[in-house]
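Report on the structure
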Amino acid sequence: MTTQAAAREQAEAAVRAWVASTGVEHDEGSRPGELVVVLPGEAKLRTAVSLLVGDQGLSASAFVIRRPDENHDAFYAWLLRRNLRLPGIAFALDRVGDVFLVGRLPLDAVTEDELDRLLGAVLTASDGAFNELLALGFLESMKREWAWRTERGESTRNLEAFRHLLEPSTDGGTDGGTDGGTDGPEDRTAPGGPDDGH
């Protein structure tokens, strides 16, 4: 066995050991050396992360949110500014503008501790950014859904975090702001990553 093959085998073993020790939901990926783990969150309830061990290292790719419906410049500028503060990961876009978090580790750095750090950073960034991104890129859609639901007496539970943005104010408009969560733009659960070109 070559040194590179041994390093790859050791990295794959570390990924499986991390999954076993944490008990996270997981499934085999569609590519050789790929495992998909599901990290539970609060704002974004599930973040699916593709962990792919290749010849040069491990790549992690997590779908965060689909491309925005509106306010594109502010939405993408927010992602770029946030990238400055992320530890070893970054927001990235695929060909259609959907947002992912990506990170990489060299083969010899793939340990359970490093996986815990990497995936902790992915979860923190995904969950922490989700409501802000919804408010920046989907506010008008959420306003229409809020109005439709309240007119019909339907539940607004999935929009409660945005109540301050969606309820009409006393002057007939809605309050402004950019923090809150809904289910719509989170439809994708299987990460492919910005390189897949789906």
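Please refer to the structure higher up on the page.
For clarity, every value in this text was computed on a predicted model and none was experimentally measured.

1. So, the packing of helix α2 (residues 72-83) against helix α3 (residues 112-152)
- The contact between α2 and α3 brings their axes to 8 Å, and the two run at 155°. Here α2 lies roughly antiparallel to α3, going by the angle between them. Here the hand of the crossing between α2 and α3 comes out right-handed. On α3, the residues touching A74, F75, W78 and L79 of α2 are A129, E132, L133, L136 and G137.
- The residue makeup of the contact of α2 with α3, split by class, is seven nonpolar, one polar and one charged.

2. Digging into the packing of aromatic side chains
- Here the structure, examined in full by the defined rule, presents three aromatic pairs.
- On the numbers, 5.3 Å between centres and 90° between planes, the contact of F75 with Y76 is edge-to-face.
- The exposure class assigned to F75 is buried, which follows from its relative accessible area of 0%.
- Judged by centre distance (6.4 Å) and plane angle (55°), the rings of W78 and F91 are tilted. With a gap of 13 residues between them, W78 in helix α2 and F91 in strand β5 (residues 89-93) connect regions that are remote in the sequence. For the pair shown, W78 and F91 are each scored as buried.

3. So, the sheet that holds strand β4 (residues 57-65)
- Pairing is antiparallel in the open sheet, where six strands are placed in the order β1-β2-β3-β4-β6-β5. Of all strands in the sheet, those bounded by a partner on one side alone are β1 (25-28) and β5. With strand direction ignored, the average angle separating the axes of adjacent strands in the sheet is 25°.
- In terms of strand pairing, β5 meets strand β6 (residues 99-106) through five bridges, oriented antiparallel.

4. Topic: unusual backbone geometry
- The phi angle at N71 is positive, at roughly 55°, despite the residue not being glycine.
- Along the chain, N71 turns up in the loop between β4 and α2.

5. A word on the pattern of salt bridges
- This model, assessed by the stated rule, comprises 12 salt bridges.
- As a salt-bridge pair, E12 and R8 come within 3.4 Å of each other at their nearest N and O atoms. Highlighted residues: E12 and R8, both in helix α1 (residues 3-22), separated by four residues, approximately one helical turn.
- Of the residues examined, E12 reaches a relative accessible area of 27% and is grouped as partly exposed.

6. What about α3?
- Under the 1.5 Å per step criterion, the end-to-end length of α3 is only 50 Å for 41 residues, more than 12% shorter than the ideal 60 Å.
- The largest bend along α3 reaches roughly 85° and is located at F138.
- At the C-terminal side of α3, G153 shows a positive phi close to 70°.

Criteria and thresholds
Residues numbered from 1 in each chain as written. Predicted model: local features only at pLDDT ≥ 70, side-chain atom pairs only at ≥ 80, totals over all residues. Heavy atoms only, no water. Axes fitted to C-alpha atoms, helices over the stretch in contact; angles between N-to-C directions. Helix = DSSP H or I, 4+ residues; strand = E, 2+ residues; numbered from the N terminus. Parallel < 35°, antiparallel > 145°, perpendicular 65-115°, else oblique. Left-handed = near helix turned anticlockwise from the far one by under 90°. Contact = heavy atoms within 4.5 Å. Nonpolar A, V, L, I, M, F, W, Y, C, P; charged D, E, K, R; others polar. Phe/Tyr/Trp six-rings, centres within 6.5 Å; stacked < 30°, edge-to-face > 60°. Buried < 20%, exposed > 50% of the residue type's maximum accessible area, 1.4 Å probe, protein only. Pairing = 2+ DSSP bridges. Salt bridge = Lys/Arg side-chain N within 4 Å of Asp/Glu carboxyl O. Expected span 1.5 Å × (residues − 1). Bend = angle between axes of the 7 residues up to and from the residue.

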